[in-house]
2 protein chains.
Amino acid sequence: MLANTGRIDHESSAAVARDLPCVEAELDRFYPRRLEPDQLEWWVPGDSLGSADRPGLAERLERSIIAPVRETIDAGGHRWRPALAAQAVALLGGDVERFAPILAAMEIAHTGSLIVDDVEDEAVLRRGRPAAHVVHGMPTALNAGTNAYFALDIALRRTLPDHAPLRGRISEAYVEALRAAHTGQALDIQGHHAEMEHAVSTGDSSALLDVVRLTHRLKSGLIAGAALEMGGLSTGAGPEVCRALGDFGTAVGTAYQITDDVADLSGVTRRGKPTKRPAEDLHNAKVTMPLAHCVGRLPAPRLRAVWEAMRSGDAPQHEIELAREAIEECGAPGVCEAEARTMLEDSWNRLRPLLPDAPATERFRERAFHYVLAGLDARAADSSG
Amino acid sequence: MLANTGRIDHESSAAVARDLPCVEAELDRFYPRRLEPDQLEWWVPGDSLGSADRPGLAERLERSIIAPVRETIDAGGHRWRPALAAQAVALLGGDVERFAPILAAMEIAHTGSLIVDDVEDEAVLRRGRPAAHVVHGMPTALNAGTNAYFALDIALRRTLPDHAPLRGRISEAYVEALRAAHTGQALDIQGHHAEMEHAVSTGDSSALLDVVRLTHRLKSGLIAGAALEMGGLSTGAGPEVCRALGDFGTAVGTAYQITDDVADLSGVTRRGKPTKRPAEDLHNAKVTMPLAHCVGRLPAPRLRAVWEAMRSGDAPQHEIELAREAIEECGAPGVCEAEARTMLEDSWNRLRPLLPDAPATERFRERAFHYVLAGLDARAADSSG
């Protein structure tokens, strides 16, 4: 299938990390497929329930708060952030089972952010299925997605009931990353058209690349960094290790976003079904890393033509196809890939000396590189096959 | 003006609490009207800035993250939550100036929730001006509104840098209330049509009143309770006082929502300009407390007629006007007011013995009752004048 379509199938090419039963069990506890009346206290503080009709309330909250998130979780997702954090916990000698509620909360918050993103982008598909706001209506989906940000609080109290200072440090690392992610999203929503215009006119892409890199780092990097830092903190590892783990996670998350930009050029499938048309970002006039790296690589008139064709956001299919070919031919995707690899390797080289000299450390590295580069490798294999 | 329109003017009838210069100053620091390049670290973690164009970035973040929130703050708002929390801090011997960043963060988060609510409700006016999503576009407004929830984290670190356990307790009280508010919003978005239908058919409004009360408590009560509890915690007050303060705040917030339902029947003006048409809730087929209290007070056929007219959400103006008259004639607004007063008084009687026997305590009570009942009092004065 891959060889025929030239598309990346995320489900088959990247190892799916749903092989952590303790995390799946915690997802089921936080966001059960069926909310029982005796589980209401998770959602409604106990002393507020009064004489409420518990079965009726459970049914209403299951539909309005749980289902939009649960269905999006069930639709797929690599769970690579919690999987990588779990590996970090394990190799530092921590207890993954005990940390599982926090890992599940990370995935829940990530899912919530996807639901909110889809509202902001008016995206109708997510993971190959109708987006939550299409199924449940915008208000309910948006409210449930926002609420998912706050799952960590319960997870921390369950996991570390007697460690208030550690709960506080973990929570602060997470909230700082959430704030950064919203700053990145603000830049992403605005787009980088002025910077692109400047780069096209002058041939100088430095300011453009700065802002694309910053946006990727803020939007996708720091939250992955927080996930690994939180893992380190939970094991009682020292500040130097936690910081280096956080930096490596940030590199992984940022590099993942870079390779995602590259993967978009070919489109994405999941279990053989397309979830995005090829070059969705070009269709949406989005200035991504491969486009930025075309500056200085495409002849100026051709770059100008590509940009003019896509910038309005309503280019016909054949113009987008020409733009995509130009981007690929000039080698920009390879430059992106090299940047992602270098980012990972530099960061890994700083972290490596601080980790145990054990096979688990090498497996951690392999898994992290795999998440970022699997899509590209699949594509390379695909082109050559 | 009031005497002519029969409407409540929130700005003139309720004491506006913008008389806390320390809170206004903190609002200016968190959400400055102009973001200077040396203030970027508040939004972008310092080590992410790299070679970024700081003035350009400051300008972009001012437009995309700050302006939607700042403009909504500037459009008005009573600031009654931080004002009441400030009074609680002062009468327990705490330092209001020191607590000011936390008070400002409460108002910022509240403002963020209004921006998100307006997206969910597709409301085009807020505080008499175009809503943030109308001015800035939905994606930018929604993202900025969500991000405003996370201001407390910075405020806590600024206010209590050396008190990690206390930061944690304050943060947890707040996040639990935020979760509850989203649960309340979920119920509010669904509406209570099934419960209303049951009450209209059977004459038994107990389940309906239960769910309306629970929704008000979750959506508006507990976050006001958290504000007062956070004030108590910051002064080092004991758990009994903090809990009773939190309960009183919850009563104030819930009662405020009840009187808001009543006020809606007459419409709301601000500085003489209407911000909502009369009976907006009836137009929107929203089952509010006054409507719920019509069950058993209106003759069954008339109640059925009111409900049938409004339930579709597209009733003509004259039918809404008849429904409004029926609700007012049967005395339901007065029952709501009595419920709000009793809620406040019961809760106050439990808190009062735990507070200092001082004039400040009486002023605190007066201010709290005033926030809840001012609109109604103004209306009563209005009708009689």
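These figures come from a predicted structure and were not determined experimentally.

Novice: Tell me what's going on with the overall build of chain A, and back it up with residues and numbers.
Specialist: What chain A contains, in helices and strands, is 19 helices and five strands. With the C-alpha coordinates of chain A rotated into their principal frame, the extents come out at 70 × 50 × 40 Å. Out of the 385 residues in chain A, the part that is buried amounts to 59%. Partitioning the contacts of chain A with sequence separation of at least 6, the portion at a separation of at least 24 is 75%. The average position of the 42 basic charges and that of the 56 acidic charges among the side chains of chain A differ by 2 Å.

Novice: Summarise a nonpolar patch on the surface; cite the residues concerned and give the values.
Specialist: A grouping of Val 124, Leu 125, Val 134 and Val 135 of chain A is seen on the molecular surface, where their side chains present a nonpolar patch of about 330 Å² in accessible area. Here Val 134 of chain A lies in helix 7 (residues 132-136).

Novice: Can you break down the interface of chain B and chain A residue by residue, with the values?
Specialist: Each partner contributes to the interface: chain B provides 55 residues, whereas chain A provides 55 residues. Taking both partners together, chain B and chain A bury about 5200 Å²; carbon and sulfur atoms supply 57% of that area. Its largest share of buried area at the contact with chain A, chain B owes to Arg 60, Phe 150 and Arg 179 of chain B, together 16% of the area lost on that side. At the junction of chain B and chain A, the tally comes to eight salt bridges. Between the two partners, chain B and chain A, sit 24 residue pairs in polar contact (both at pLDDT 80 or more). Among the secondary structure elements, those contributing two or more residues to the side of chain B that touches chain A are helix 4 (54-74), helix 6 (96-121), helix 8 (138-147), helix 9 (151-159), helix 10 (164-190) and helix 12 (206-234) of chain B. The dominant element in the side of chain B that touches chain A, judged by the number of residues it contributes, is helix 10 of chain B, at 15 residues. Residue classes in the side of chain B that touches chain A are distributed as 28 nonpolar, 13 polar and 14 charged.

Novice: Break down the relation of the copies chain B and chain A for me, citing the residues and quoting the values.
Specialist: Least-squares fitting of chain B to chain A yields an RMSD of 0.0 Å, with the superposition described by an axial translation of 0.0 Å and a rotation of 180 degrees. In the structure described here, the two chain copies are related by an operation that fits a two-fold rotation axis. Of the interface residues in chain B, 100% have counterparts in chain A that sit at the interface too, so the contact is made through matching surfaces.

Novice: Provide a residue-level description of the confidence of the model for chain A, including the pertinent values.
Specialist: The pLDDT averaged across chain A works out to 90; a share of 90% of its residues lies at or above 70. Under a pLDDT of 50 for its full length, residues 378-385 of chain A has, in the predicted model, 10 contacts with residues more than four places off or in other chains.

Novice: How would you explain helix 17 (residues 317-329) of chain A if you had to name every residue and give the values?
Specialist: Residues and elements named next belong to chain A. For helix 17, built from 13 residues, the straight-helix expectation of 18 Å at 1.5 Å per residue is met to within 8% by its first-to-last C-alpha distance of 18 Å. Residues of helix 17 that are buried sit in contact with helix 13 (239-266), helix 14 (280-283), helix 15 (289-292), helix 16 (300-310) and helix 18 (332-351). Positive backbone phi, at 90 degrees, marks Gly 331, one or two positions downstream of helix 17.

Scoring rules and cut-offs
Residues numbered from 1 in each chain as written. Chains lettered and ligands numbered in written order. Predicted model: local features only at pLDDT ≥ 70, side-chain atom pairs only at ≥ 80, totals over all residues. Heavy atoms only, no water. Helix = DSSP H or I, 4+ residues; strand = E, 2+ residues; numbered from the N terminus. Buried < 20%, exposed > 50% of the residue type's maximum accessible area, 1.4 Å probe, protein only. Contact = heavy atoms within 4.5 Å. Lys, Arg positive; Asp, Glu negative; His and termini not counted. Charge placed at Lys NZ, Arg CZ, Asp CG, Glu CD. Patch = residues over 30% accessible without salt bridge, like charges linked within 9 Å, V, L, I, M, F, W, Y side chains within 5 Å. Areas by Shrake-Rupley, 256 points an atom, 1.4 Å probe, with all protein chains shown as cover. Salt bridge = Lys/Arg side-chain N within 4 Å of Asp/Glu carboxyl O. Buried area = accessible area lost by both parts, 1.4 Å probe. Polar contact = N/O pair within 3.5 Å; in protein donor to acceptor, adjacent residues only side chain to side chain. Nonpolar A, V, L, I, M, F, W, Y, C, P; charged D, E, K, R; others polar. Least-squares fit on C-alpha atoms with pLDDT ≥ 70 in both. pLDDT = per-residue confidence, 0-100. Expected span 1.5 Å × (residues − 1).

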